[in-house]
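Chain by chain, the residues run as shown.
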Amino acid sequence: MPAPLRIGLAGLGTVGIGVIEIIQNHAEMIAMRAGRPIIITAISARDPKRDRGIDLSGFAWEDDPVALARRDDVDILVEVMGGHEGAARAATEAALEAGKDVVTANKALLAHYGQALAEKAEAAGCTIRFEAAVAGGIPIIKSLTEGLAGNSIRRVMGVMNGTCNYILTRMEDAGLPYEMVFEEARALGYLEADPNLDVGGIDASHKLSLLSSIAFGTKVAFDGIEMEGIGAISVDDIQRAGDMGYRIKLLGVAQMTGRGLEQRMTPCLVPQDSPLGQLSGGTNMVVVEGDAVGQIVLRGAGAGRGPTASAVMGDVIDLARGIRTPVFGIPATKLAETVSAHSAAPSAWYLRIRLVDKPGALAKVATKLGDAGVSINRMRQYGHSDGDAPVLIVTHKATRDDILTAMAAARATNVVVGEPVALRIEDV
Ligand SMILES: NC(=O)c1ccc[n+]([C@@H]2O[C@H](COP(=O)([O-])OP(=O)(O)OC[C@H]3O[C@@H](n4cnc5c(N)ncnc54)[C@H](OP(=O)(O)O)[C@@H]3O)[C@@H](O)[C@H]2O)c1
């Protein structure tokens, strides 16, 4: 049997312990599949004394993940600490400088420094693999870089933050307001320490930026993503959308348009009977459309010990086999500069507007929409309350700019109460 691949494991939390468990439970099977044994030689975390529920005495300990990455008995670094600065970045750079491959679950690191790290890796003749960083256990990176490599990708879409999907599903099922379900999610430990990473769409946008780069051969452009969280969604919106045959999802969409790369992570209406519309709870889904293959749908656990460690191990086994694809599918120096196009593609929109309950109010708003080039497809008025008359409008296809112009003009009339809600209806 050839020499083992020796891992330095930085991070012994949810994912790190999952990696140790898989290697211990499946050592023989993995060795057969990889063509050589895969072993962990050294580990690092912050607290060497913490009981992690597993025997770690067989591994060398390093306090400093950078020293871990540089050890002579470490062939590859598995970085599962998290954070886009500090230890994760330093250890990754140290490994690459030493000519060692890196496997990471760290989407934040790659969303911010992916291009520089990829160039560093490839200049050193090594690579960075990051299947676990996008949609947990779903092998979407491998699908894009290998199975779908013969396709020109038209569009990538995904529900890639399980916590947001849990919150929206729970609001719908229990009829509970956002604030209450948010607190439930916090109590259940579903939210990051900074909840805005989840509910503000940042975490999912990190993932989308990585998928876009691979799908369209462009440099990672996290800053180019139009981002909107789920905090403004009401139970009312969810129910009204349901009445019209839609569900609301925090949906990431990336597509190349005539004006550049459109990337957005926003709450959208999707048809209830579509795969995305049927996704409930904390599950993730990624939809890819290629010119030859058509539409592919991948669904699975987006987080958790087993699923995330499964993705890490897929990458580790590839490296043990000697498979070294470029970080973002093509050489980093060949990735195109990203020209970001904000919401270039038109779509139908769901508008919820509260009007003062006076004759002529609706006509005034309809005129403002028309002036902005937004035409109405369907309209419904709901029960009046406290002098307000809520109106739901589904528009024909319009760009986001047209909708924003129309909403601003509607607000400037004296017939609109509060903030109107405008949500894109995604054609899935
Ligand atoms: N959890 C998931 O379901 C999931 C899913 C997809 C991707 N990811 C990504 O996977 C990575 C790890 O996530 P996790 O959930 O496993 O995190 P976690 O449970 O918080 O574990 C983080 C580990 O890293 C160690 N660590 C943190 N800072 C360190 C430092 N400066 N030096 C040395 N060790 C340090 C911690 O040490 P101590 O234990 O001593 O504090 C801990 O063992 C993150 O990038 C995350 O975004 C996680």
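Residues numbered from 1 in each chain as written. Predicted model: local features only at pLDDT ≥ 70, side-chain atom pairs only at ≥ 80, totals over all residues. Heavy atoms only, no water.

### Brief notes about the domain arrangement of the protein
By domain assignment, the protein separates into domain 1 (5-139 + 310-334), domain 2 (142-302) and domain 3 (349-425). A C-alpha centroid distance of 26 Å is found between domain 2 and domain 3. Listed by partner, the interface residues are 16 residues for domain 2 and twelve residues for domain 3. Summed over the three residues of domain 2 that lose the most area to domain 3, namely Arg-240, Met-244 and Leu-269, the buried surface amounts to 40% of that side. Note that Asp-237 is salt-bridged to Arg-352, the shortest N-O span being 2.4 Å. Linking domain 2 to domain 3 there are five residue pairs in polar contact (both at pLDDT 80 or more). Only α11 (235-243), β9 (246-257) and β10 (260-271) provide two or more residues apiece to the side of domain 2 that touches domain 3. Looking at the side of domain 2 that touches domain 3 residue by residue, the classes come out as eight nonpolar, one polar and seven charged. (Domains from an automatic or database assignment. Contact = heavy atoms within 4.5 Å. Buried area = accessible area lost by both parts, 1.4 Å probe. Salt bridge = Lys/Arg side-chain N within 4 Å of Asp/Glu carboxyl O. Polar contact = N/O pair within 3.5 Å; in protein donor to acceptor, adjacent residues only side chain to side chain. Helix = DSSP H or I, 4+ residues; strand = E, 2+ residues; numbered from the N terminus. Nonpolar A, V, L, I, M, F, W, Y, C, P; charged D, E, K, R; others polar.)

### What to know about the layout of surface pockets
Volume-wise, the second largest pocket comes out at about 360 Å³. What lines the second largest pocket is a set of 18 residues, and nearest its centre among them are Glu-228, Leu-404, Val-421, Ala-422 and Leu-423. Elements supplying a minimum of two residues to the lining of the second largest pocket: β10, α14 (400-412) and β16 (416-425). By residue class, the composition of the lining of the second largest pocket is eleven nonpolar, two polar and five charged. A domain-level breakdown of the lining of the second largest pocket finds at least three residues from each of domain 2 (142-302) and domain 3 (349-425). (1 Å grid on protein atoms, 1.4 Å probe; cavity = no way out; pocket = protein on both sides within 12 Å on 5 of 7 lines; lining within 4 Å. Points joined across faces, edges and corners; volume = space filled by probe spheres on them.)

### So, the site of the ligand
Around the ligand, the surrounding shell holds 22 residues, and the nearest of these are Leu-12, Val-15, Asp-47, Arg-52 and Gly-304. In this structure, Arg-52 approaches the ligand through a side-chain N or O atom, which is 2.7 Å from an oxygen atom. A distance of 2.6 Å is found between an oxygen atom of the ligand and a backbone nitrogen or oxygen belonging to Gly-304. Within the complex, the protein chains bury 78% of what would otherwise be the 900 Å² of accessible surface of the ligand. When grouped by side-chain class, the residues that make up the shell around the ligand number ten nonpolar, seven polar and five charged. (Near = heavy atom within 4 Å. Areas by Shrake-Rupley, 256 points an atom, 1.4 Å probe, with all protein chains shown as cover.)

### A word on the packing of aromatic side chains
Two aromatic rings are characterised by how far apart their centres lie and by the angle between their planes. The tally for this structure, following the rule as stated, stands at three aromatic pairs. For the ring pair Tyr-166 and Tyr-190, a centre distance of 5.0 Å and an interplane angle of 90° mean the geometry is edge-to-face. With Tyr-166 in helix α7 (residues 162-174) and Tyr-190 in the loop between α8 (178-187) and α9 (196-199), this residue pair connects regions lying 24 residues apart in the sequence. Look at Tyr-190 and you get partly exposed, because its relative accessible area is 40%. Over the aromatic face of Tyr-113 sits the side chain of Arg-89, whose NZ or CZ is 3.7 Å from the ring centroid. (Phe/Tyr/Trp six-rings, centres within 6.5 Å; stacked < 30°, edge-to-face > 60°. Buried < 20%, exposed > 50% of the residue type's maximum accessible area, 1.4 Å probe, protein only. Lys NZ or Arg CZ within 6 Å of the ring centre and 35° of its normal.)

### A look at the packing of helix α4 (residues 86-97) against helix α5 (residues 107-123)
Direction vectors running N to C along α4 and α5 enclose 15°, while the axes themselves pass 11 Å from each other. Relative to α5, the element α4 is oriented roughly parallel. Relative to α5, the crossing made by α4 is right-handed. Together, Ala-88, Arg-89, Thr-92, Glu-93, Leu-96 and Glu-97 of α4 and Leu-109, Tyr-113, Leu-117, Lys-120 and Ala-121 of α5 make up the contact between the two elements. Among the residues making up the contact of α4 with α5, the classes are represented as six nonpolar, one polar and four charged. (Axes fitted to C-alpha atoms, helices over the stretch in contact; angles between N-to-C directions. Parallel < 35°, antiparallel > 145°, perpendicular 65-115°, else oblique. Left-handed = near helix turned anticlockwise from the far one by under 90°.)

### Structural notes on the side chain of Thr-127
Secondary-structure assignment places Thr-127 in the loop between α5 and β6 (128-129). Only 2.8 Å separates the side chain of Thr-127 from the backbone oxygen of Thr-325, close enough to count as a polar contact. Here Thr-127 is in contact with Leu-96, Asp-101, Val-102, Ala-121, Leu-319, Arg-324, Thr-325, Pro-326 and Val-327, once residues within four sequence places are set aside.

### A short note on α14
A rise of 1.5 Å per residue sets the reference length of α14, with its 13 residues, at 18 Å; its end C-alpha atoms lie 18 Å apart and thus fit the reference within 8%. Those residues of α14 that fall on the buried side of the exposure criterion are Ile-403, Ala-406, Met-407 and Ala-410. Viewed end-on, α14 has its buried residues packed into an arc of 100°, placing them on one side of the element. Against the buried residues of α14 lie β13 (348-356), α13 (361-371), β15 (388-395) and β16. (Expected span 1.5 Å × (residues − 1). Arc of directions from axis to C-beta.)

### Overview of the pattern of salt bridges
Within the structure shown, the criterion is met by 27 salt bridges. Between Asp-318 and Lys-142 there is a salt bridge, with the nearest N and O atoms lying 2.5 Å from each other. With Asp-318 in helix α12 (residues 305-321) and Lys-142 in helix α6 (residues 140-147), this pair connects stretches of sequence that are 176 residues apart. Under the relative-accessibility criterion, Asp-318 is labelled buried at 1%.

### A short note on the sheet that holds strand β3 (residues 60-62)
Sheet architecture is open: six strands sit in the order β3-β2-β1-β4-β5-β6, paired in parallel fashion. Among the strands making up the open sheet, the edge pair consists of β3 and β6. Lying on the sheet, α4 is in contact with β4 (76-79), β5 (101-104) and β6; it crosses β4 at an angle near 165°. Lying on the sheet, α12 is in contact with β1 (5-10), β2 (38-44), β4, β5 and β6; it crosses β5 at an angle near 165°. (Pairing = 2+ DSSP bridges.)

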